[in-house]
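# Architecture and fold: a report
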Amino acid sequence: MIICRTQSEWKKEQQLLQDQPGTFALVPTMGALHEGHLTLIREAKQHHARVVVTIFINPLQFGANEDFDSYPRTEDQDLKLLQREGADVVWLPGVQDLYKEKQMITMNTSPLGDQLCGSKRVGHFDGMATVVMKFLQLVAPDAAYFGKKDAQQLAIIKKMVQDFHIQTTIVGVNTVRDDDGLALSSRNVHLNERERIDAPILYKALTSGVNETAHTSNAQLITKKSHRSTRR
């Protein structure tokens, strides 16, 4: 596994990757890796000859009162996991590699980025899309893998790639959940004991609602078929 820490180091490895036969995929992360991230890597390895993983905590997507400073940083453990999973190249750029000067121009994700989560996190999706665009241009992978857990993020990235004719296939991978149904997230470490118990309740309620709706729809369909048969 090759580890790059600067853009110049990455450029050398990128040339080597492009000179080799077969495709390569990108898995962008902010570190603090868990089974969800590792699933992305495994999925990418099934379809591509090589996998590049980036670890970068992007300051542009954190609001003034958000958790940039306290976001979990576990680089040593992350690198061990990536070595185990067979990542080919890991790039850990510094802020200066991606933002040499104050970022004057950013992606505008409105109206998609203004809805749902974006309505409470002003500028978050603009910052996310900006750094993803940078990575897609600097890495130039054949495909990039993202989790479906961040559904709004995935939708924005897919639309951005389509609108700007980026020659990278965006692949969404199913959400990985803990035994109690909670979606795995690097930020789960911030939950206290009570919050960790309460966190899966929403997922269970939504799942119950979906199952109940499906059951009701099936019952209505059976009833309609029965009435039609009776009329005959």
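Residues numbered from 1 in each chain as written. Predicted model: local features only at pLDDT ≥ 70, side-chain atom pairs only at ≥ 80, totals over all residues. Heavy atoms only, no water.

### Focus: the sheet that holds strand β6 (residues 169–173)
- The strand order across the open sheet formed by six strands is β1-β4-β3-β2-β5-β6, and the pairing between neighbours is parallel. Each edge of the sheet is formed by a strand with only one pairing partner; in this case those strands are β1 (2–4) and β6. The average angle at which neighbouring strand axes cross in this sheet is 25 degrees, direction not considered.
- Of the strand pairs in this sheet, strand β2 (residues 24–29) and strand β3 (residues 50–55) are connected by six bridges, and their pairing is parallel. The residue of β3 that forms the bridge with V27 is V53.
- Where helix α2 (residues 35–47) meets the sheet, its contacts fall on β2, β3, β5 (143–147) and β6, and the angle it forms with β5 comes to roughly 150 degrees.
- Against the sheet, helix α3 (residues 75–85) engages β1, β3 and β4 (89–91), with an angle of about 170 degrees to β3. (Pairing = 2+ DSSP bridges. Helix = DSSP H or I, 4+ residues; strand = E, 2+ residues; numbered from the N terminus. Axes fitted to C-alpha atoms, helices over the stretch in contact; angles between N-to-C directions. Contact = heavy atoms within 4.5 Å.)

### Examining the pairing of β3
- The element β3 is extensively covered by neighbouring structure, given that six of its six residues are classed as buried.
- Side chains R50, V52 and T54 project from β3 onto one buried face, and the interleaved V51, V53 and I55 project onto a second face that is buried too.
- With α2 bridging β2 and the parallel β3, this β-α-β connection has right-handed handedness.
- Pairing of β3 with β4 involves three bridges; the strand directions are parallel. Opposite V53, over in β4, you have V90 as the bridge partner.
- Considered for its hand, the β-α-β crossover made up of β3, α3 and β4 is right-handed. (Buried < 20%, exposed > 50% of the residue type's maximum accessible area, 1.4 Å probe, protein only. Right-handed = clockwise from strand over helix to strand, strands pointing away.)

### Quick word on the layout of surface pockets
- Its boundaries defined by the atoms lining it, the largest pocket holds a volume of some 1400 Å³.
- Taken together, 50 residues line the largest pocket, and the ones lying closest to its centre are K149, D150, L184, S185 and R187.
- Counting only elements with at least two residues in the lining of the largest pocket, the list comes to β2, α2, α5 (124–139), β5, α6 (151–163) and α8 (201–231).
- There is about 180 Å³ of room inside the second largest pocket.
- If you trace the second largest pocket, you find 15 residues lining it, with I55, F56, I57, E75 and L92 closest to the centre. (1 Å grid on protein atoms, 1.4 Å probe; cavity = no way out; pocket = protein on both sides within 12 Å on 5 of 7 lines; lining within 4 Å. Points joined across faces, edges and corners; volume = space filled by probe spheres on them.)

### A short note on helix α1 (residues 7–19)
- Taking 1.5 Å per residue as the helical rise, α1 with its 13 residues ought to reach 18 Å, and the 18 Å between its terminal C-alpha atoms agrees with that figure.
- Of the residues making up α1, those classed as buried are Q7, W10, E13, Q14 and L17. For α1, the buried positions fall inside an angular range of 120 degrees around the axis, keeping them on one side. For α1, the exposed residues lying more than 90 degrees away from the buried face are K12 and D19. (Expected span 1.5 Å × (residues − 1). Arc of directions from axis to C-beta.)

### Focus on α6
- In this model, α6 (13 residues) spans 18 Å end to end at C-alpha, consistent with the 18 Å of a helix rising 1.5 Å per residue.
- Buried residues of α6: Q152, Q153, L154, I156, I157, M160 and V161, and no others.
- Positive backbone phi, at 55 degrees, marks H165, one or two positions downstream of α6.

### Side note on the packing of aromatic side chains
- Applying the stated criterion to the full structure yields six aromatic pairs.
- For the ring pair F56 and Y99, a centre distance of 6.3 Å and an interplane angle of 40 degrees mean the geometry is tilted. Residue F56 is located in the loop between β3 and α3, and its partner Y99 is located in the loop between α4 (95–98) and α5; the two are separated by 43 residues in the primary sequence.
- Pairing F56 with F135 gives two aromatic rings, centres 6.3 Å apart and planes at 75 degrees, and the pair type is edge-to-face. With F56 in the loop between β3 and α3 and F135 in helix α5, this pair connects stretches of sequence that are 79 residues apart. Of the two residues examined, F56 and F135, each falls in the buried class.
- An aromatic cluster is defined as three or more aromatic residues linked by ring pairs; in this entry it consists of W10, F56, W91, Y99 and F135. (Phe/Tyr/Trp six-rings, centres within 6.5 Å; stacked < 30°, edge-to-face > 60°.)

Shape descriptors only; they carry no functional weight alone.
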